[in-house]
Amino acid sequence: MPTAERASTPRRYLMCPPTYYRVTYSINPWMDPGKPVDLRLALTQWEELRDRYRSLGHTVEELVPRPDLPDMVFAANGATVVDGRVLGARFAHPERRAEADAHVAWFRSHGYADVREPTHINEGEGDFAVTASWILAGRGFRSSPLSHPEAQEFFGRPVIGLDLVDPRYYHLDTALCVLDDTADEVMYYPGAFSPGSRAVLERLFPDALIATADDAAALGLNAVSDGHHVLLPQAAVGLFGPLRERGFEPIGMDLGELLKGGGSVKCCTQELR
């Protein structure tokens, strides 16, 4: 694929500081309560991500954390926002369910008029990825397949269901990243998907950047792109060259303490479209 001229567009993000972040239970293969979290380092890493967004010209809103919800730092899971319409989350695990109410309350208090509390389980941008033409929707570990027609009806955009089969990639945003949401450009790891879903991805995105198993295991696909800059885990070294070849500017971030909870750059970042 030839190198294209890239331009970033200003974005608005919602993030939540890891003030009360800890790993005291395990709801994904990355979480081990026996491995202590360095909370001070986690906060420093989170602040570096927030500040990098702002230095690139983006706006970052902050959600007030709650002491009883240690996973609130993974703000991407709390809702999906498209065209100013907000589809809230309904979490699969009881440990996180109250996060949904905190997100809905934030949107309603910040002037969002069209906010829907979902009927079916979905974990926000963990399993919904928005491209120019579609909403890609993960299923298999967290979000219910019934959440896909619910999202399609609410947003009025075609929703493409994708089956996740590797428990390490329990959310779509651990296995696929939208690089350019104006041109349907993505990168993904095929091994995270069922054979049928891989065939769908190949048909929809024939020029996609394909990640290796090593880069996927570094959560390199848990990344955020503004159309030019791609913020991703610094350990995903195999993605930097291919991204540059396509005209993107990769920016490595160290979120090692957040990785202990099963998340990285994208998990910490909800886009307010």
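Up top you'll find the structure we're talking about.
Cut-off values and rules
- Residues numbered from 1 in each chain as written.
- Predicted model: local features only at pLDDT ≥ 70, side-chain atom pairs only at ≥ 80, totals over all residues.
- Heavy atoms only, no water.
- Helix = DSSP H or I, 4+ residues; strand = E, 2+ residues; numbered from the N terminus.
- Rg over C-alpha atoms; globule rule 2.2 N^0.38 Å.
- Contact = heavy atoms within 4.5 Å.
- Areas by Shrake-Rupley, 256 points an atom, 1.4 Å probe, with all protein chains shown as cover.
- Core = buried A, V, L, I, M, F, W, Y, C linked by side-chain atoms within 4.5 Å.
- Buried < 20%, exposed > 50% of the residue type's maximum accessible area, 1.4 Å probe, protein only.
- Pairing = 2+ DSSP bridges.
- Axes fitted to C-alpha atoms, helices over the stretch in contact; angles between N-to-C directions.
- Salt bridge = Lys/Arg side-chain N within 4 Å of Asp/Glu carboxyl O.
- Phe/Tyr/Trp six-rings, centres within 6.5 Å; stacked < 30°, edge-to-face > 60°.
- Expected span 1.5 Å × (residues − 1).
- Arc of directions from axis to C-beta.
- Polar contact = N/O pair within 3.5 Å; in protein donor to acceptor, adjacent residues only side chain to side chain.

Novice: Hey, could you run me through the overall build of the protein chain in this one?
Specialist: Along the protein chain, the regular secondary structure elements total seven helices and 15 strands. Here the C-alpha atoms of the protein chain give a radius of gyration of 17 Å, agreeing with the 19 Å that 2.2 N^0.38 yields for 273 residues. Taking the principal axes of its C-alpha atoms as reference, the protein chain extends roughly 50 × 40 × 35 Å. Considering only residue pairs separated by 6 or more positions, the protein chain has 69% of its internal contacts joining residues 24 or more positions apart. Accessible area of the protein chain: about 10700 Å², with a carbon and sulfur share of 51%.

Novice: Looking at this structure, how should I read the nonpolar core?
Specialist: The nonpolar side chains of a soluble globular protein tend to be buried, and buried together. With 35 residues, the main nonpolar core has Leu136, Leu176, Met187, Phe193, Leu239 and Leu243 as its most contacted residues. Within the second largest apolar cluster, 23 residues are counted, among which are Met15, Met31, Ala42 and Trp46.

Novice: What's the story with the sheet that holds strand β6 (residues 128-130) in this structure? I'm lost.
Specialist: Adjacent strands of a sheet pair through backbone hydrogen bonds, lying either parallel or antiparallel. What the three strands build is an open sheet, ordered β6-β7-β8; its pairing is mixed. Either end of the sheet is taken by a strand with one partner, and the two such strands are β6 and β8 (159-163). Ignoring which end each strand starts from, the neighbouring axes of this sheet average 25° apart. As paired strands, β6 and strand β7 (residues 135-139) are joined by three bridges and run antiparallel to one another. Looking at the pairing, Phe128 lines up with Ala137 of β7.

Novice: Where do I start with the sheet that holds strand β13 (residues 229-233) in this structure?
Specialist: Ordered in space as β12-β13-β14, the three strands form an open sheet in which the pairing is mixed. Both outer strands of the open sheet, β12 (224-225) and β14 (249-253), are each paired with one neighbouring strand and no more. Both β12 and β13 contribute to a ladder of two bridges, which runs antiparallel. Of the residues in β13, the one forming a bridge with Ser225 is Val230. Sheet strands in contact with helix α1 (residues 39-55) are β12, β13 and β14, and its direction is about 155° off that of β14.

Novice: How should I be thinking about the pattern of salt bridges in this particular structure?
Specialist: Where charged atoms of side chains with opposite charge meet at close range, the side chains can pair. Per the counting criterion, the structure on display carries 22 salt bridges. Two residues, Asp114 and Arg85, come together in a salt bridge whose shortest N-O distance is 2.6 Å. Within this pair, whereas Asp114 is found in the loop between α2 (97-109) and β5 (115-116), its partner Arg85 is found in strand β4 (residues 85-88), the two being separated by 29 residues in sequence. Owing to a relative accessible area of 28%, Arg85 belongs among the partly exposed residues under this scheme.

Novice: Is there a simple way to think about the packing of aromatic side chains in this case?
Specialist: Aromatic rings in a pair are described by how distant their centres are and how their planes are angled relative to each other. Taken as a whole and assessed by the stated rule, the structure comprises nine aromatic pairs. Between the aromatic rings of Tyr21 and Phe74, the centroid separation amounts to 6.1 Å while the plane-to-plane angle is 85°, which identifies the pairing as edge-to-face. Linking Tyr21 in the loop between β1 (12-15) and α1 with Phe74 in the loop between β2 (59-62) and β3 (79-82), this pair joins segments that are 53 residues apart in sequence. No difference in accessibility class separates Tyr21 from Phe74, as the two residues are buried. Through a chain of ring-to-ring contacts, the aromatic side chains of Trp106, Phe107 and Tyr112 assemble into a single cluster.

Novice: Can you walk me through α1 in this structure?
Specialist: An α-helical turn contains 3.6 residues, so any two residues separated by three or four positions project in the same direction. Helix length check: α1 (17 residues) gives 24 Å between terminal C-alpha atoms against 24 Å at 1.5 Å per residue, within 8%. Among the residues of α1, those classed as buried are Ala42, Gln45, Trp46, Leu49, Arg50 and Tyr53. All buried residues of α1 project into a common sector of 135° when viewed along the axis, lining one side. More than 90 degrees from the buried face of α1, the exposed residues found are Arg40 and Ser55. One side-chain oxygen of the residue at the start of α1 lies 3.3 Å from the amide nitrogen of Arg40, identifying that residue as Asp38.

By themselves, these observations are geometric and do not establish any function.
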